[in-house]
Amino acid sequence: MTVTHLGRTVVTYRGCFRRFLWGVAAVAGLLIGGGVAGVLAATGAAAGVIVLVWLAATVRVLRLAPSCGGPGGPGPGGAGVREPRRPKPCPPGGAIALPLPEDPPDGAAAIA
């Protein structure tokens with residue numbers, strides 16, 4: 001899922017909603033428990049580590065490729081399109097050449 005576009009950079013979210021809810025519950029539990037116990041600095045640091053691990057695991061920053069070549073301008077025209085393969089002029093050495101079928105006397109060539 002794309003979160004935002006920043007020019008040629010895209011920020012995407014690649015996680016599931018249940019893991020997000022577990023992370024929110026863990027961070028909220030640490031902050032509330034630390035506030036009640038009076039050790040908010042230590043539990044706040046642990047909550048920060050959880051948030052950083054979650055961001056590293058689920059959020060991706062992707063840089064999109066330019067659509068018209070690099071800094072030197074566009075590349076050669078049609079460089080990404082292959083030409084169709086042409087048949088070889090004769091079969092390879094070990095192949096068995098089959099004769100072409102001849103037109104029967106009452107075929108299309110006889111009518112013309």
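Since the model is a prediction, treat every value here as computed from it, not as a measurement.

### Brief notes about the overall build of the chain
Along its length, the chain carries three helices and three strands. Taking the contacts inside the chain whose residues are at least 6 apart along the sequence as the reference set, 51% of them involve residues at least 24 apart. Of the roughly 9500 Å² of accessible surface on the chain, 68% is carried by carbon and sulfur atoms.

### Remarks on the sheet that holds strand β1 (residues 2-6)
Spatial ordering of the open sheet is given by β1-β2-β3, a layout of three strands whose pairing is antiparallel. At either margin of the open sheet sits one strand with a lone partner, and together these are β1 and β3 (59-63). Neighbour-to-neighbour, the strand axes of this sheet turn through a mean angle of 20°, independent of strand direction. Both strand β2 (residues 9-13) and β3 contribute to a ladder of five bridges, which runs antiparallel.

### Section: helix α1 (residues 17-37)
The end-to-end C-alpha distance of α1 is 30 Å, a good match for the 30 Å that 21 residues give at a rise of 1.5 Å each. Two residues or fewer past α1, G38 is found with a positive phi of approximately 85°.

### Quick word on the environment of A28
Residue position: A28 is located in helix α1. On the basis of relative accessibility, which here comes to 33%, the residue A28 falls in the partly exposed class. Once the C-alpha coordinates of A28 and G44 are considered, the two residues, 16 residues apart in sequence, prove to be 9.8 Å apart.

### Quick word on the packing of α1 against helix α2 (residues 40-58)
Remark: α1 packs on α2, axes separated minimally by 8 Å, with the N-to-C direction vectors making an angle of 170°. Comparing their axes, α2 and α1 come out roughly antiparallel. Of the residues in α2, those touching α1 at F20, A26, V27, L30, L31, G34 and G35 are L40, T43, G44, A46, A47, I50, V51 and W54. In terms of residue class, the contact of α1 with α2 is made up of eleven nonpolar, four polar and no charged.

Reading guide: rules and limits
- Residues numbered from 1 in each chain as written.
- Predicted model: local features only at pLDDT ≥ 70, side-chain atom pairs only at ≥ 80, totals over all residues.
- Heavy atoms only, no water.
- Helix = DSSP H or I, 4+ residues; strand = E, 2+ residues; numbered from the N terminus.
- Contact = heavy atoms within 4.5 Å.
- Areas by Shrake-Rupley, 256 points an atom, 1.4 Å probe, with all protein chains shown as cover.
- Pairing = 2+ DSSP bridges.
- Axes fitted to C-alpha atoms, helices over the stretch in contact; angles between N-to-C directions.
- Expected span 1.5 Å × (residues − 1).
- Buried < 20%, exposed > 50% of the residue type's maximum accessible area, 1.4 Å probe, protein only.
- Parallel < 35°, antiparallel > 145°, perpendicular 65-115°, else oblique.
- Nonpolar A, V, L, I, M, F, W, Y, C, P; charged D, E, K, R; others polar.

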